[in-house]
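Residues per chain are reported as follows:
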Amino acid sequence: MPLRDTIITHLRDLTLLAFPDNCLVCKQSLVSGERDICFACIDALPETGYHTLADNPVAQHFWGRVPFVHASAYLYVQDANITQDMIHLLKYKRKHKVGIKLGRLYGHKLKEEESLIRDIDLIVPVPLHDNRKRQRGYNQCDYFAQGLSEVLGVRYEPEVMKRVKENISQTKRTRYDRWENVEGIFALSQPDKVKGKHIMLVDDVITTGATIESCASALMTGEDVRVSVATIATAGR
C-alpha cells in the first residue's frame, strides 16, 4: 500500500477511536457495512407488512372517509418499543438521519411491491405550521420523505401543502375533538405541481387518522389528484 494511503488509513482509524461512529438508536459502535443504525436495531423493527396488502388495517381505517389509492404504515408503534424511540429521536432530538434511514428502508420494501407505487408522481410530507416549524427548526416528515424519494426515484415537494392554522396538540383529546381540531387547517399552496398527479402523502404516525384525512382532503382540491398514504408507524403490537 502506498505511504499516502497507509497514512490516511491510520488517520481514519485514529478518528474512529477518538470519535466512534455509533448507532443512533442503541449507541453501540457500528461495524463495517452498517450506517447510522445498526443491523441489530433494523432487525428488531416491528414491520407491519401492510404494503403487501391492498386491504390492510390502515387502508380499512379510511374506507368511506377518504378515497385513497393505497394506504400503509411501515412499523407498529407502542409505548417503549423501538419505533417509539426512533420517532422520539427524529421528532425531538434532531436525529434527522433516523428519518432518512427509515424512509430508505421503507422505500426498498415498497419497491418490492411495484404494482402499488409504480405510478407515484410526487411525495408530499404533511406540513407543520410555520410557528411550530420555527420552534422545532424542522419538520420531521421531510426526512422520511427524503429517504423515500432517494430510493423510489420520485421527487418530494415539501412546499406543496401549507398548514394555515396552528391546531392545539392532539394529546388527550377525544376522538371527536381531534376531528374538530384539524378541520380546515391545511391548504393546497401549489396546485399546478399536483394537477393530474398521483401523490404519496407521508406522515410520522397514524392515530385517529384525522390529520391525514384533513391534509388529503385539501390536497384533493387540486385538479384530478389521486392520493396514497405512507407513514412511519401506526398503533399496534
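Residues numbered from 1 in each chain as written. Predicted model: local features only at pLDDT ≥ 70, side-chain atom pairs only at ≥ 80, totals over all residues. Heavy atoms only, no water.

**Let's talk about the packing of helix 5 (residues 96-112) against helix 8 (residues 140-152)**
Then step 1. Look at helix 5 against helix 8: their axes get within 6 Å of each other, and the N-to-C directions meet at 40°. Between helix 5 and helix 8, the angle is such that the two are oblique. Between helix 5 and helix 8 the crossing geometry is right-handed. Only Y143, F144, Q146, G147, L148, E150, V151 and L152 of helix 8 make contact with helix 5, whose side of the interface consists of H96, G99, I100, L102, G103, R104, Y106, G107, H108, L110 and K111.
Then step 2. Here the contact of helix 5 with helix 8 is built from residues that sort into nine nonpolar, seven polar and three charged. (Axes fitted to C-alpha atoms, helices over the stretch in contact; angles between N-to-C directions. Helix = DSSP H or I, 4+ residues; strand = E, 2+ residues; numbered from the N terminus. Parallel < 35°, antiparallel > 145°, perpendicular 65-115°, else oblique. Left-handed = near helix turned anticlockwise from the far one by under 90°. Contact = heavy atoms within 4.5 Å. Nonpolar A, V, L, I, M, F, W, Y, C, P; charged D, E, K, R; others polar.)

**Observations regarding empty space enclosed by the protein**
Then step 1. For the structure on display, the rule yields one cavity of 30 Å³ or more.
Then step 2. By volume, the largest cavity amounts to about 50 Å³.
Then step 3. In this structure, the largest cavity is lined by H70, S72, L110, L116, I117, I120, M200, S228, V229 and A230.
Then step 4. The set of elements that each furnish at least two residues to the lining of the largest cavity consists of helix 6 (114-117) and strand 6 (226-235).
Then step 5. For the lining of the largest cavity, the element with the highest residue contribution is strand 6, accounting for three residues. (1 Å grid on protein atoms, 1.4 Å probe; cavity = no way out; pocket = protein on both sides within 12 Å on 5 of 7 lines; lining within 4 Å. Points joined across faces, edges and corners; volume = space filled by probe spheres on them.)

**Considerations on the side chain of H70**
Then step 1. Structurally, H70 can be placed in the loop between helix 3 (57-61) and strand 1 (71-77).
Then step 2. On the basis of relative accessibility, which here comes to 8%, the residue H70 falls in the buried class.
Then step 3. Here H70 is in contact with Y50, H51, L53, A54, N56, L116, V227, S228 and V229, once residues within four sequence places are set aside. (Buried < 20%, exposed > 50% of the residue type's maximum accessible area, 1.4 Å probe, protein only.)

**Remarks on the pairing of strand 2 (residues 122-125)**
Each regular strand shows side chains that alternate between the opposite faces of the sheet.
Then step 1. Side chains L122 and V124 of strand 2 all project onto a buried face; the interleaved residues I123 and P125 project onto the opposite face, where all are buried too.
Then step 2. Sheet topology note: the strand 2/strand 5 (residues 198-206) ladder contains four bridges and is parallel. Opposite V124, over in strand 5, you have L201 as the bridge partner. (Pairing = 2+ DSSP bridges.)

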